[in-house]
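Inside the fold
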Amino acid sequence: MTSSPTIAAVRLTPVLVADPPLLNTQGVHQPQTPRLVIEVETTGGVVGLGETYGDGHCLALAARLAEALKGHPVANVNLLLRIAESLAASDGGDLDESVSAGGLRGAQSLHKLVRSVVSGFEVACLDALGRTLGLPVHVLLGGKVRDQVPYAAYLFYKWDRHPGGPVDHWGAALDPAGLVAQARRMVELHGFDSFKLKGGVFPPEQEVAAIRALAEAFPGRPLRLDPNGAWSVPTALRVAEQLSDVLEYLEDPTAGTAAMAELAARSPLPLATNMCVTGFEEVREAFTAGAVQVVLSDHHYWGGLRATQQLAAVCRTFGVGLSMHSNTHLGISLAAMTQVAATLPNLDHPCDSHYPWLTEDVITSQHRFHSGSLTVTDTPGLGVELDRTALERLHRRWTEDDGTLRERDDTAAIRRAVPGWTSSTW
């Protein structure tokens, strides 16, 4: 085995993963969500794992990038973005409405699509390189500064089942009592010490009451509220004033950098985002305007683990706090999040994670939180192994789908249950 192997093959496996009926301002999570599992195999026979979004635009670009990478050194991850950008540009650089529409990730662009795809390949290459050299990914990124990465309990308003499906084991949470019960169970199962509520679902007064109930049930614990830009500046200011004594920050209370800057100038609470700052091209405007005080990084958005480190350095330079965003991901992505989070000196807040909501995975041993944290492994690569039986089962679900679930669309999902439903703003 050589120290600098090349890429012999890339395997792409789209899957559909079970997702509970979690509510947000865009609608409800689908019964299954699409993800893409990436395997990069080297000439030495080592296979590295990566993961990213499984929607159609990601799959199309990933297929072209997979073919283009054969024969390239697995260690030269600097090539990935340049090759992917060239491939995307050769398609004309145009996005149709389904990609540019935005949603919970903020306004979309070709650059963000490219970075989302590149992120999965970069992780797979680093995993393969780490396995080849016998080193964990965090060592390839410069070494860990912590042995444990803290995560927050991610609370959701939710139905007790998907329409027509069985009751899930979490049950419903549609009021403060339901959310407190959900939070207590998160603590019992995983030991979380801080809590984030996905808001923008009910009128702000109801969500203020929910945060108050959580603060009473868990006195002194850090709390966050994220309505995904569903509020006007006056509404967000009113909520910030009402909850200034219990929230550590408000996340994307209003939409867009200009509105966030207007609010930040008057808010008694720091403002966080994973919507108006999701790429380096958005940093200058937001930071110079003082629009955000905390950025929730996401290696899928930013183009990989090394880009996440670059973002952390920029945040440190501007005195902006740092945490980590989560999407509905599998254990491969959670391993990648944990490896890079271990290397960030300025990880100022526990990371988000949807992972406790997961009931199935493609790795042989699911991650286990202890006291709300994940241990940073020193196993070569990411420290996870692929469960091929599970992968094949989830891929078969994808192949058998009629196309309804292959694109993540929370609004379409809720309209199937509630015809004519429209999102609310306050």
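Below or above, wherever it landed, is the structure these notes cover. (Residues numbered from 1 in each chain as written. Predicted model: local features only at pLDDT ≥ 70, side-chain atom pairs only at ≥ 80, totals over all residues. Heavy atoms only, no water.)

Some remarks on the state of the cysteines
What makes a disulfide is a covalent bond joining the sulfur atoms belonging to two cysteines. Counted according to the given criterion, the structure contains zero disulfides. No disulfide involves Cys315; its nearest neighbouring cysteine sulfur is the one of Cys276, lying 12 Å away. Sulfur of Cys351: no disulfide; nearest cysteine sulfur belongs to Cys315 and is 13 Å away. Judged by its relative accessible area of 0%, Cys351 falls in the buried class. (Disulfide = S-S within 2.5 Å. Buried < 20%, exposed > 50% of the residue type's maximum accessible area, 1.4 Å probe, protein only.)

Some remarks on a nonpolar patch on the surface
Taken together, the side chains of Leu133, Leu135 and Val139 make up a nonpolar region of the molecular surface, amounting to roughly 210 Å² of accessible area. Inspection of the secondary structure puts Val139 in helix α5 (residues 137–140). For Val139, a relative accessible area of 36% translates into the label partly exposed. (Patch = residues over 30% accessible without salt bridge, like charges linked within 9 Å, V, L, I, M, F, W, Y side chains within 5 Å. Areas by Shrake-Rupley, 256 points an atom, 1.4 Å probe, with all protein chains shown as cover. Salt bridge = Lys/Arg side-chain N within 4 Å of Asp/Glu carboxyl O. Helix = DSSP H or I, 4+ residues; strand = E, 2+ residues; numbered from the N terminus.)

Considering the nonpolar core
Of all hydrophobic cores here, the largest spans 135 residues; its most connected members are Phe121, Tyr151, Ile211, Leu225, Val292 and Val295. Sort the elements by how many residues they give to this core and helix α4 (residues 110–133) lands first, with 11 residues. (Core = buried A, V, L, I, M, F, W, Y, C linked by side-chain atoms within 4.5 Å.)

Some remarks on the sheet that holds strand β1 (residues 7–18)
Pairing in this open sheet of three strands is antiparallel, and the strands run β1-β4-β5 from one edge to the other. Of all strands in the sheet, those bounded by a partner on one side alone are β1 and β5 (47–53). The mean inter-strand angle of the sheet, taken between neighbouring strand axes irrespective of direction, is 20°. Against the sheet, helix α13 (residues 331–341) makes contact with β4 (32–42) and β5, and its axis sits at roughly 100° relative to β5, the strand it touches most. (Pairing = 2+ DSSP bridges. Axes fitted to C-alpha atoms, helices over the stretch in contact; angles between N-to-C directions. Contact = heavy atoms within 4.5 Å.)

Thoughts on the side chain of Thr273
Structurally, Thr273 can be placed in strand β11 (residues 271–273). Residue Thr273 is classed as buried on the basis of its relative accessible area of 0%. If we skip the residues at most four places from it in the chain, Thr273 touches Glu251, Asp252, Met260, Val292, Val294, Val295 and Leu296.

With respect to the pattern of salt bridges
Side chains carrying opposite charge are able to pair once their charged atoms draw close together. By the definition in use, this model includes 26 salt bridges. As a salt-bridge pair, Asp378 and Lys144 come within 3.2 Å of each other at their nearest N and O atoms. Pair noted here: Asp378 is in the loop between β14 (373–375) and α14 (388–400) and Lys144 is in the loop between α5 and β6 (148–150), with a separation of 234 residues, a long-range link. The partly exposed category is assigned to Asp378, whose relative accessible area is 48%. According to the relative accessible area criterion, Lys144 is partly exposed, its value standing at 27%. In this structure, Asp245 and Arg212 form a salt bridge, with 2.8 Å as the shortest nitrogen-oxygen distance. Of the two residues, Asp245 sits in the loop between α8 (233–242) and β10 (247–251) while Arg212 sits in helix α7 (residues 204–217), which places them 33 residues apart along the sequence.

Section: helix α1 (residues 56–68)
Taking 1.5 Å as the rise per residue, α1 with 13 residues should run 18 Å; its terminal C-alpha atoms sit 19 Å apart, in good agreement. Inspection of α1 places Cys58, Leu59, Leu61, Ala62, Leu65 and Ala66 among the buried residues, and these make up the whole buried set. Those residues of α1 hidden inside the fold are in contact with β1, β4, β5, α2 (78–90), α4 and α14. (Expected span 1.5 Å × (residues − 1).)

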